[in-house]
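# Secondary and tertiary structure notes
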Amino acid sequence: MVLPFILIIGVMYLLVIRPQQKRRREALELQNKLGAGDEIVTIGGLHGTVVSVEDDVVTLEIAPDVQVRFARPAISRVITRADEPAAEAAETVEAEPVAATETVEEPVSPVVETRKQD
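Note that the structure is predicted; figures quoted are calculated from it, not measured.

Strand order in this open sheet of five strands is β4-β3-β2-β1-β5, and the pairing throughout is antiparallel. The sheet is open, and its two edges are formed by β4 (66-71) and β5 (75-80), each paired on a single side. For this sheet, the mean angle separating the axes of adjacent strands, direction not counted, is 45°. Inspection of the sheet shows strand β2 (residues 47-53) paired to strand β3 (residues 57-63) by four bridges, in the antiparallel sense. Counted as the bridge partner of Ser52 is Thr59 from β3.

Rendered as structure tokens:
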């Protein structure tokens, strides 16, 4: 009678709790390695460059001479690190496939405009 409850708790741990702990650990590691010059994306989708890192506050430059402060947990991912050689960053950009630009013609409107002439 108790065995099914133990199995359910075990399955919940393996499928829900453990992966969530792993993601949280990875996020903390990423946030602890932040440094000046890193290009990042916040959880809100804002792109910027790290200017300074304090205890729980990260200052980002989002445009020339525009700096904003974010809580460290608001950093979602690091795009490029400041200590990463420029050649490696260029290789990763070149490795991505470039989508061909297509020219799209305007569809013909089914609405016909008629005007009375006096």
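Moving on, we get to the environment of Gln31. As for its position among the elements, Gln31 is in helix α1 (residues 3-32). Along the backbone, Gln31 and Val53 are 22 residues apart, and their C-alpha atoms lie at a distance of 9.9 Å. Sequence-distant contacts of Gln31, that is, excluding residues within four places in its chain, are made with Arg72, Pro73 and Ile75.

If pLDDT is low for a region, its predicted coordinates should not be looked at in detail. Counting all residues, the mean pLDDT for the protein chain is 81, and 77% of those residues have values of 70 or more. Summarising per-element confidence for the protein chain, the mean pLDDT is lowest in helix α2 (residues 86-95) (50) and highest in β4 (93).

In this structure, Asp65 takes a positive phi of about 65° despite not being glycine. Here Asp65 is to be found in the loop between β3 and β4.

Turning our attention to the pairing of strand β1 (residues 39-42). Alignment of β1 against β2, held across three bridges, turns out to be antiparallel. Following the sheet pairing, Glu39 is matched in β2 by Thr49. Counting the residues in the hairpin turn of β1 and β2 gives four residues, including Gly45, whose phi is positive at 95°.

Here is what the cut-offs are and how they apply
- Residues numbered from 1 in each chain as written.
- Predicted model: local features only at pLDDT ≥ 70, side-chain atom pairs only at ≥ 80, totals over all residues.
- Heavy atoms only, no water.
- Pairing = 2+ DSSP bridges.
- Helix = DSSP H or I, 4+ residues; strand = E, 2+ residues; numbered from the N terminus.
- Axes fitted to C-alpha atoms, helices over the stretch in contact; angles between N-to-C directions.
- Contact = heavy atoms within 4.5 Å.
- pLDDT = per-residue confidence, 0-100.

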